[in-house]
Each structure stands twice: as C-alpha cells, then as structure tokens.
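What follows is the residue order along each chain.
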Amino acid sequence: MTTQTPALLIDDASRHYAGTPAPAVDGVTIDVAAGEFLALLGPSGCGKSTLLRMVAGFERLDGGRITVGGRTLSGPGTHVPPEERRIGLVFQSYALWPHMTVAGNVAYPLETARVPRAERERRVRAALDTVGLSGFDARHPAELSGGQRQRVALARCLVMSPELVLLDEPLANLDVHLRAAMEEEFADFHAKTGATMVYVTHDQAEAMALATRIAVLDHGRLAQVAAPRTLYREPATRMVAGFVGQGAVVDGVVTGPVAAGRARVRLFGAEALVRCRPGQPEGPALVCLRPEDLEPAADGPIAATVVRAAYKGGFVLVEAEPQAAPGVRLLLRVSGDAQVAPGEALRLAVRDGWVVPEGAPPQERLTPARE
Ligand SMILES: Nc1ncnc2c1ncn2[C@@H]1O[C@H](COP(=O)(O)OP(=O)(O)OP(=O)(O)O)[C@@H](O)[C@H]1O
C-alpha cells in the first residue's frame with residue numbers, strides 16, 4: 001500500500017493576533033491531495049483569509065505546521081518566506097501593473113526569476129492560451145474587462161507552474177454574470193493545469209460549483225471538511241446546516257430505532273423517518289430539513305400555516321410555520337402553478353431529513369473528484 005504525501009498539509013495550525021480576544025485560526029487540520037480543489041468557506045471574520053495568508057507565508061503561525069509536498073514551510077522554528085514557497089497567488093484585486101502590457105504582466109515573475117527570453121516568451125504564450133487570452137498580449141490592463149483582468153492574473157500565476165495556487169475571493173469584485181462565466185473559467189483552469197487549489201470564498205454557491213471538497217470555518221475552527229454533496233446532505237454541526245444550503249434546523253427527539261443510517265424522530269408532535277450517523281443516540285436532537293425534504297400532502301401529519309410565498313420562476317418557495325412550534329420557519333418548494341398565499345393552512349409530510357450529529361468528529365477524508 002502506498003500513502004501519498006498530501007500536496008498541502010495544514011496541521012493543527014493556529015494564529016492569535018495580539019490584542020484580540022480569541023484566535024483568528026484555532027487548531028485547524030486539513031490535508032489537501034494533489035490536484036484537489038479545496039474551498040475555504042465561512043462567514044465574514046471566521047478566519048479564511050488568515051488561514052490562506054498563513055499558507056502563503058504572509059502570516060506566521062502561533063502553533064502547528066504547514067507543509068507543501070512534504071516540505072515544512074511553517075512550523076516550530078521554521079518560516080520559509082513567501083517568495084520561496086513556489087505558491088501561486090490570485091487575489092480579488094488583480095494587482096496588475098497598469099503601465100505594462102498583458103504579456104509584460106504575465107512575463108514579470110519569469111523575469112524576476114531570470115528565465116531566458118525565448119523560454120519566457122513560450123511560457124507567456126502558453127499561459128495566455130490556457131486562460132483564453134491569446135492575441136491580447138499588447139493590451140494594457142485599462143483596455144480589458146474585469147473578467148479579462150482576472151484571467152491575466154491567473155495567467156501570471158500559472159506561468160510559474162506553481163505546485164499550489166491560493167485564490168482569495170478572486171470573483172468578489174465582478175458582477176453576477178461575469179462571476180458565473182469566471183466560475184467556468186476557474187473550473188477549466190483547474191482541469192487543464194491539474195494544479196492543487198485552495199479557494200477562499202464566503203459564497204456557498206461558488207464553493208459548491210467549484211470545489212472537490214469544502215472546509216467550513218466557524219470562529220477560527222474547522223467545523224467540517226467534506227465533498228459539497230456530503231456537506232449539504234450531512235452537515236456535522238448546526239452552523240454548517242444553517243450556513244450551507246437552505247432549509248431549517250429544528251428541535252426533534254430521536255425515538256429510535258436507529259439502524260442502517262436511519263432513525264425515527266418526533267418532529268412537531270409527528271413521527272418521521274430521517275437519515276442519521278450510525279450510533280446516533282436516542283433523545284433530543286437537531287434535525288436539518290431541506291426544502292426538498294418537505295412536501296405538502298393532504299394527509300401530512302404536520303399542520304402548518306403559510307407565512308410567505310415567493311414565486312421563483314418554475315416553483316414557489318414557501319415559508320411555513322408549524323402550528324405546534326410558533327416562530328419556527330420551514331422552507332419548501334411547491335409547483336409554480338400552485339396558488340399559495342400567506343395565512344393559508346397547509347399539511348406537510350416529511351420525506352427526508354438529517355439528524356445533525358453535533359459533537360461528532362468533524363474530519364472526513366475523501367480522495368479528490370470522488371463523492
Ligand atoms: N492583522 C490583523 N490584526 C488583528 N486582527 C485581525 C487581523 N486580520 C484579521 N484579524 C481578525 O481575525 C479574524 C479573522 O479574520 P479573517 O480576515 O481571516 O476572516 P475572513 O473569514 O477572511 O473574513 P472576510 O470574509 O470578511 O474576509 C477577524 O476577527 C479579524 O477581525
């Protein structure tokens with residue numbers, strides 16, 4: 001059996017800024033396989049950028065270790081400076097030189113590294129070709145769209161053939177349409193180069209669309225790292241359940257039996273069968289109900305009242321309040337043809353759900369590109 005060295009290993013890494021009450025990054029462990037696209041996701045201030053800056057070498061660690069391809073870059077007594085890490089960086093501000101042409105910007109890191117002219121020109125051409133900007137060599141950044149500028153920044157990073165590429169909210173400054181187009185560009189870029197990527201975002205849709213795995217940070221700690229589908233269907237904590245995807249996290253009681261990943265739960269006085277981790281104990285529990293887990297049904301056991309109904313094109317997103325739990329809001333989708341109005345009574349059936357195993361170990365290891 002062979003054990004592959006992870007492309008990037010963040011091992012129990014911490015950073016506590018002086019004068020702040022709590023660590024920005026608190027004992028985070030993640031290993032990233034070669035060729036993996038890992039998204040770091042979480043609300044503002046959860047420590048995503050700090051963690052990325054630690055990997056890049058701009059921040060020192062207060063504890064733990066960071067290795068890339070088996071080489072320790074940060075650790076007790078070790079801090080390799082950013083420029084010696086062979087890591088590509090792409091940030092939301094493209095940081096292109098305005099007085100240089102596109103080709104000049106992309107060639108810049110090669111010049112700094114004293115790469116001979118002929119090889120430099122070949123690599124610049126190849127990098128511009130990869131990002132779909134052949135023929136733009138002579139333009140200046142001011143003559144490009146936001147998306148094109150971001151692609152130049154990608155090409156400039158790619159031209160150095162980095163082992164690892166770090167991207168910090170690279171689409172944050174682009175409008176919605178351009179973001180969608182650039183998402184595809186990033187997916188292409190990843191497929192073509194096979195580079196290992198770590199991508200910071202607070203946009204869960206972006207993370208879901210791009211990443212092989214997503215690491216969710218919550219107040220500097222790793223809440224869960226898993227494939228997008230697992231994160232959505234089997235959130236490990238209340239925070240992950242609420243932050244990723246739509247739906248509700250509600251109080252229920254596991255009444256058993258718990259077998260084959262299923263449990264019987266009592267929800268709003270009704271019985272339902274939902275998914276759970278093996279060994280889920282009986283008793284009070286949090287249950288995550290996604291919109292597709294709930295269905296209006298004439299004989300549904302949960303009596304509810306429509307609070308809001310929003311036509312979303314093709315379907316209506318309904319917010320409903322169970323009569324047994326005033327203040328709780330459930331979300332479900334009904335057909336776009338259905339007439340649903342606030343105040344209406346509704347009976348709901350629970351088709352699926354997930355018992356949130358708060359307190360269980362957060363780490364899930366998966367090989368890249370596999371669910
Ligand atoms: N240089 C600094 N000095 C002191 N505190 C800092 C510094 N940089 C970040 N912090 C604090 O560390 C915590 C994590 O910040 P960080 O920028 O890593 O979060 P983030 O998840 O990237 O947020 P955002 O999505 O808003 O960029 C925050 O509480 C922030 O205020």
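Since the structure is predicted, the reported quantities are computational estimates derived from the model, not experimental observations.

Engineer: How should I be thinking about the overall build of the protein in this particular structure?
Structural biologist: Along the protein, the regular secondary structure elements total 8 helices and 21 strands. Considering the protein as a whole, with its 371 residues, one finds that 48% of them fall into the buried category. Of all intrachain contacts in the protein linking residues separated by at least 6 positions in sequence, the fraction that spans at least 24 positions is 65%. Carbon and sulfur atoms provide 51% of the accessible area of the protein, an area that totals close to 17500 Å². Side chains of the protein give 39 positive and 42 negative charges; the mean places of these two sets differ by 3 Å.

Engineer: Looking at this model, I keep getting lost on the nonpolar core. Mind explaining?
Structural biologist: A general trend in soluble globular proteins is that nonpolar side chains are found buried together. Counting 45 residues, the largest nonpolar core has Val-106, Leu-167, Phe-186, Ile-214 and Val-216 as its most contacted members. It is helix α4 (residues 146–158) that provides the largest number of residues to this core, a total of 6 residues.

Engineer: Help me understand the pairing of strand β9 (residues 196–201), please; the structure alone is not making it clear to me.
Structural biologist: The two faces of a sheet get side chains in turn, since along a regular strand they alternate between them. Burial runs high along β9: 6 of the 6 residues are buried. Side chains Thr-196, Val-198 and Val-200 project from β9 onto one buried face, and the interleaved Met-197, Tyr-199 and Thr-201 project onto a second face that is buried too. Direction of pairing for strand β3 (residues 37–41) relative to β9: parallel, over a ladder of 5 bridges. Residue pairing for β9: Leu-40 is matched across the bridge by Val-200. Once you follow strand β8 (residues 164–168) into helix α5 (residues 176–193) and on to β9, the crossover reads as right-handed.

Engineer: Where do I start with the domain arrangement of the protein in this structure?
Structural biologist: One widely used convention gives an interface's size as the accessible area the parts lose upon coming together. Assigned domains of the protein: these are domain 1 (8–233) and domain 2 (246–355). The C-alpha-based centres of domain 1 and domain 2 are spaced at 39 Å.

Engineer: So what exactly am I meant to see when it comes to the pattern of salt bridges here?
Structural biologist: Pairing of side chains with opposite charge becomes possible as their charged atoms draw close. Taken as a whole and assessed by the stated rule, the structure comprises 14 salt bridges. Note that Asp-62 is salt-bridged to Arg-15, the shortest N-O span being 3.2 Å. Placement of Asp-62 in the loop between α1 (48–56) and β4 (63–68) and of Arg-15 in strand β1 (residues 8–15) is noted, with a sequence separation of 47 residues between them. For Arg-213, the salt bridge goes to Glu-36, with nearest N and O atoms at 2.5 Å. Placement of Arg-213 in strand β10 (residues 213–218) and of Glu-36 in the loop between β2 (25–32) and β3 is noted, with a sequence separation of 177 residues between them.

Engineer: What am I meant to see in the packing of aromatic side chains here?
Structural biologist: Each aromatic ring pair is summarised here by two numbers: the centre-to-centre distance and the angle between the ring planes. A complete count under the given rule lists 2 aromatic pairs for this structure. Seen in terms of ring centroids, Phe-37 and Tyr-199 are 5.6 Å apart; in terms of plane orientation they differ by 45°. Their pairing is tilted. With Phe-37 in strand β3 and Tyr-199 in strand β9, this residue pair connects regions lying 162 residues apart in the sequence. Here Phe-37 matches Tyr-199 in class, with each residue buried. Residue placement shows Arg-333 over the ring face of Phe-315; its charged tip is 5.6 Å from the ring centre.

Engineer: Sorry if this is basic, but what is going on with the environment of Lys-312 here?
Structural biologist: Note that Lys-312 resides in the loop between β17 (302–311) and β18 (315–322). Separated by 200 residues in sequence, Lys-312 and Thr-112 place their C-alpha atoms 52 Å apart.

Engineer: In this structure, what is going on with the sheet that holds strand β16 (residues 294–296)? I would like to understand it.
Structural biologist: Strand pairing in a sheet takes place through backbone hydrogen bonds and is either antiparallel or parallel in direction. Read across the sheet, 5 strands follow the order β16-β20-β17-β18-β19 without closing on themselves; strand pairing throughout is antiparallel. Sheet topology places β16 and β19 (330–335) at the edges, where each strand pairs with a single neighbour. With strand direction ignored, the average angle separating the axes of adjacent strands in the sheet is 50°. With 6 bridges joining them, β18 and β19 adopt antiparallel strand pairing. Its bridge partner being in β19, Phe-315 is matched across the sheet by Ser-335.

Engineer: Sorry, what's going on with the packing of helix α2 (residues 102–112) against helix α3 (residues 117–130) here?
Structural biologist: For any two helices packed against each other, the geometry comes down to the angle between their axes and how far apart the axes lie. Closest axis-to-axis distance for the α2/α3 pair is 10 Å, and the angle between their directions is 125°. Judged by the inter-axis angle, α2 sits oblique to α3. Judged by the sense of rotation from one axis to the other, the crossing of α2 with α3 is right-handed. Within the contact between the two elements, α2 uses Val-102, Ala-103, Val-106, Ala-107, Leu-110 and Glu-111 and α3 uses Arg-120, Arg-123, Val-124, Ala-127 and Leu-128.

Engineer: Would you take a moment to explain the site of the ligand for this structure?
Structural biologist: Close to the ligand lie Tyr-17, Thr-20, Ala-24, Pro-43, Ser-44, Gly-45, Cys-46, Gly-47, Lys-48, Ser-49 and Thr-50, which account for all nearby residues. Interatomic distance of 2.6 Å between a side-chain N/O atom of Ser-44 and an oxygen atom of the ligand. Contact between the ligand and Thr-50: an oxygen atom at 2.5 Å from a side-chain N or O atom of the residue. Across the complex, the protein chains shield 56% of the 630 Å² of accessible surface that the ligand would expose by itself. Within the shell around the ligand, the residues separate by chemical class into 4 nonpolar, 6 polar and 1 charged.

Rules used throughout
Residues numbered from 1 in each chain as written. Predicted model: local features only at pLDDT ≥ 70, side-chain atom pairs only at ≥ 80, totals over all residues. Heavy atoms only, no water. Helix = DSSP H or I, 4+ residues; strand = E, 2+ residues; numbered from the N terminus. Buried < 20%, exposed > 50% of the residue type's maximum accessible area, 1.4 Å probe, protein only. Contact = heavy atoms within 4.5 Å. Areas by Shrake-Rupley, 256 points an atom, 1.4 Å probe, with all protein chains shown as cover. Lys, Arg positive; Asp, Glu negative; His and termini not counted. Charge placed at Lys NZ, Arg CZ, Asp CG, Glu CD. Core = buried A, V, L, I, M, F, W, Y, C linked by side-chain atoms within 4.5 Å. Pairing = 2+ DSSP bridges. Right-handed = clockwise from strand over helix to strand, strands pointing away. Domains from an automatic or database assignment. Salt bridge = Lys/Arg side-chain N within 4 Å of Asp/Glu carboxyl O. Phe/Tyr/Trp six-rings, centres within 6.5 Å; stacked < 30°, edge-to-face > 60°. Lys NZ or Arg CZ within 6 Å of the ring centre and 35° of its normal. Axes fitted to C-alpha atoms, helices over the stretch in contact; angles between N-to-C directions. Parallel < 35°, antiparallel > 145°, perpendicular 65-115°, else oblique. Left-handed = near helix turned anticlockwise from the far one by under 90°. Near = heavy atom within 4 Å. Polar contact = N/O pair within 3.5 Å; in protein donor to acceptor, adjacent residues only side chain to side chain. Nonpolar A, V, L, I, M, F, W, Y, C, P; charged D, E, K, R; others polar.

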